[in-house]
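Residue-level structure breakdown
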Amino acid sequence: MAGIRKPKLFYGWIVVLSSSLMFLFGAGVFFYGFGTFFNPIREEFGWSSAITAGAFTLYRLEGGIAAPVVGFGVERYGPRRLMIIGILIMGAGFLMMSTTNSVLFFYVTFLVTSLGFSAAVGIVGQTAVSNWFIKKRSQALGLTMAGAGLAGVIAPLLQYLISQHGWRAALVIIGLMVWAILLPLAGLVRGYPEEYGLFPDGIEPTDTTSNLNPSDKESQEIIEINVPWRPALKTRTFWLLALTSGISNLATSGITVLVIPHLENVGVQPSTAALAITLITVVSVIGRLGGGWIGDHFDKRHILAIGLILQAIGTLVLARVTTTWMILPFILFYAPGYGTTIPVRPAIAAEAFGRASFGSIQGLLQGVMTFISVPGPLLGGLIFDITGSYSLGFLIFGVATLAIAPTALLIAKTN
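Conventions adopted
Residue positions are counted from 1 within each chain, in the order its sequence is given. Owing to the predicted nature of the model, reporting of local features is limited to residues with pLDDT of at least 70; listing and counting of side-chain atom pairs is limited to 80 or more, with chain, interface and lining totals taken over all residues. Think of the side-chain values as coming from all heavy atoms in the structure, minus any hydrogens and water. By definition, any uninterrupted DSSP run of H or I lasting at least four residues is a helix, any uninterrupted run of E lasting at least two residues is a strand, and each is numbered from the N terminus. Computation of the radius of gyration draws on C-alpha atoms, with the globule rule given as 2.2 Å multiplied by the number of residues to the power 0.38. Any residue under 20% of the maximum accessible area for its type is buried, any over 50% is exposed, and the rest in between are partly exposed; the area is computed with a 1.4 Å probe on protein chains only. For this analysis, residues touch if any pair of their heavy atoms sits within 4.5 Å. Throughout, the Shrake-Rupley method with a 1.4 Å probe supplies accessible areas, and for residues the shown protein chains are the sole cover considered. Neither His nor the chain ends contribute to the count of charged residues, in which Lys and Arg are positive and Asp and Glu negative. Where a charge sits is defined by one atom per residue type, namely NZ (Lys), CZ (Arg), CG (Asp) or CD (Glu). A 1.4 Å probe that fits but cannot get out identifies a cavity on a 1 Å grid over protein atoms alone, an open set with protein on both sides within 12 Å along at least five of seven lines counts as a pocket, and a residue lines either if it has an atom within 4 Å of a point. Grid points are joined across faces, edges and corners, and a volume is the space filled by probe spheres set on the points. Classes in brief: Ala, Val, Leu, Ile, Met, Phe, Trp, Tyr, Cys and Pro nonpolar; Asp, Glu, Lys and Arg charged; the others, Gly included, polar. Side-chain rings of Phe, Tyr and Trp, where Trp is taken by its six-membered ring, are said to pair if the distance between their centres is within 6.5 Å; with planes under 30 degrees apart they count as stacked, over 60 as edge-to-face, and otherwise as tilted. Axis lines are fitted to C-alpha atoms, over the contacting stretch for helices. Their N-to-C directions set the angle, which ranges from 0 to 180 degrees. Just so you know how the angles are binned, under 35 degrees is roughly parallel, over 145 roughly antiparallel, 65 to 115 roughly perpendicular, and the rest oblique. Here a crossing is taken to be left-handed if its near helix is turned anticlockwise relative to the far helix by less than a right angle, and right-handed if that turn runs clockwise.

**Overview of the overall build of the chain**
Counting secondary structure elements, the chain contains 17 helices and 0 strands. Taken over C-alpha atoms, the radius of gyration comes to 21 Å for the chain, in line with the 22 Å a tight globule of 415 residues would show. Seen through its C-alpha atoms, the chain measures out along the principal axes to roughly 70 × 40 × 35 Å. Put simply, the chain has 415 residues, and 57% of those count as buried. Across the chain, the fraction of contacts at a sequence separation of at least 24, relative to all contacts at a separation of at least 6, is 85%. Just so you have it, the chain exposes about 16,300 Å², and 68% of that area is on carbon and sulfur atoms. Distance between charge centroids for the chain: 2 Å, based on 24 positive and 18 negative side chains.

**Examining the layout of surface pockets**
As a volume, the second largest pocket reaches approximately 220 Å³. Lining of the second largest pocket is provided by 15 residues; of these, Tyr77, Gly78, Pro79, Gly191 and Glu195 occupy positions nearest its centre. Looking at the lining of the second largest pocket, the elements with two or more residues in it are α3 (49–77), α4 (79–97) and α6 (123–132). For the lining of the second largest pocket, the class distribution of residues is 6 nonpolar, 4 polar and 5 charged.

**A closer look at empty space enclosed by the protein**
Applying the stated criterion to the full structure yields 4 cavities of 30 Å³ or more. Every residue lining the largest cavity is counted, 31 residues in all, and those nearest its centre are Gly122, Gln126, Asn249, Gln366 and Met369. Only α1 (11–32), α3, α5 (103–120), α6, α7 (137–149), α11 (236–265), α14 (327–353) and α15 (358–373) provide two or more residues apiece to the lining of the largest cavity. Here the lining of the largest cavity is composed, by residue class, of 17 nonpolar, 11 polar and 3 charged.

**Focus: the packing of aromatic side chains**
For the coordinates displayed, the defined rule picks out 18 aromatic pairs. Seen in terms of ring centroids, Phe106 and Tyr107 are 6.3 Å apart; in terms of plane orientation they differ by 45°. Their pairing is tilted. A relative accessible area of 19% means that Tyr107 is categorised as buried. Connected via pairs of aromatic rings, a cluster forms that spans Phe30, Phe45, Trp47, Phe94, Phe106, Tyr107, Phe110, Phe117 and Trp167.

**A word on the packing of helix α12 (residues 270–295) against α14**
Relative to each other, α12 and α14 sit at 45°, their axes nearing to 6 Å. The orientation of α12 relative to α14 falls into the category oblique. α14 is crossed by α12, and the crossing has right-handed handedness. For the pair formed by α12 and α14, the contact residues are Ala276, Leu279, Ile280, Val283, Ser284, Gly287, Arg288, Gly291 and Gly292 on the first element and Ile327, Phe330, Ile331, Tyr334, Ala335, Pro336, Tyr338, Gly339, Thr340, Ile342, Pro343 and Val344 on the second. Across the contact of α12 with α14, the residue classes break down as 14 nonpolar, 6 polar and 1 charged.

**Side note on the environment of Val285**
As for its placement among the helices and strands, Val285 is situated in helix α12. Residue Val285 is classed as buried on the basis of its relative accessible area of 12%. Sequence separation between Val285 and Ala119 is 166 residues, and the spatial gap between their C-alpha atoms is 24 Å.

Shown next as C-alpha cells:
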C-alpha cells in the first residue's frame, strides 16, 4: 500500500490548503470575476443583457447536469484525477472563448469552460476535504471555502487585463494561467486518509481512549454513519437542504453576474463596481471561517438560518443602492451571511450521510439546487431589459431568500 509518512502536520491540512487555493483562483476567474467581461462582450456585439446573461444561465444548467456525474465520478476515480481533467478542459475553454464571434459560439465555449470548472473545483474539492475530516469537518470546509471568499481579489486583476489588453487577450492569459497554477495544486490532493495509513482528523483510535475517564472517552470517540445515495434521497434532510440552497443560490447567482452591471447602471465607476465584488468575497471570509468554526460547536441548522437572513437583508439593501456609499451596508449584511452558509451546508450533508457516499450525495444535492437557481441571471437580465433597472430583480431575490430561511430549522437534527 502506498503511504504518506506521518508528519507533524496532518496531511489533511495540505489537502485543505491546496483545495482552498484552487477555489481562490478557479472561482476568481470564472464564478466571481467573469462579471467584468459582461459589459465589454455585450457592448462589442450589441447583445441585450438577457442574451449575455443567458450564457450564465446555461452555466447553471450545465452545473446541474454535471454535478451528479462529477459526484459519482469523484467516488469512482478519485478527486485528483478528476481535478486534472477538469483543469485541462477549463483552460482550453478560456482559450476557445477568446475567439468568440457569435452568440452560439460564446455559449458553446462558455459551456466547455463551465464543464471544466465543475470537474476541477467545487464538489471535488469539498469531497476531498470531507474525506479527511470528521470532528473538524466544518472548520476544514470553512478554511477551504475561504479560498473562494478571497477569489474576489481576482476581479480587479481581470478588469486591469481587459482595460490594458482587451477582453480577448485577457481570456487567453487566463486560460494559460489556469493550467500553470491549478495543475500543480491538484497534484497535492489525495482521496482518503485510510489509503495512506492515516485516520480522519489525524486521530488514531487509541488517541481518543488513552488517559481519559469513561465519560471523556465517549465524548471524544469519532462515530460516523454512512448512508448510500438511494436512501439519502428519501430523507427530509436531503430535500430541505436542496430547497434552501436552491432558493438562496437563485439570489446568489443573479447577484454574482449582475451586481457589476447594476452598480454601473446607477452611476458607479467600473473600477469601483469591480472592487465591490472583491469586498463581497473578502468580507464573506468572515462568515466562511466563522460559520465553519461555529458549525463544529453549535447546531448547524440555526447557523444556516441566520446566514440566510443576513444574506436576504443585504440583497434587499442592494435593490435600493443608488450611490456609492450605499454599497457598504449591502456588503456588511450580504457577505458574512452568504459566507456563513457555504461551509455549513456541505457539513450538514456530511454529518447526516457520512463520507462513503458524500461525493454522489453532494453531487445530487448540487444538481437539484442548481436547477432551482438557474433562472437567477436570466430573470435579472430580463427585468433590466423591460424596466431599465436591476432593482426589481434584486428585490425578488431578497424576499425569496428571507422566506426560505425558516426552512433550515425544519432539517432533521443529526445526533
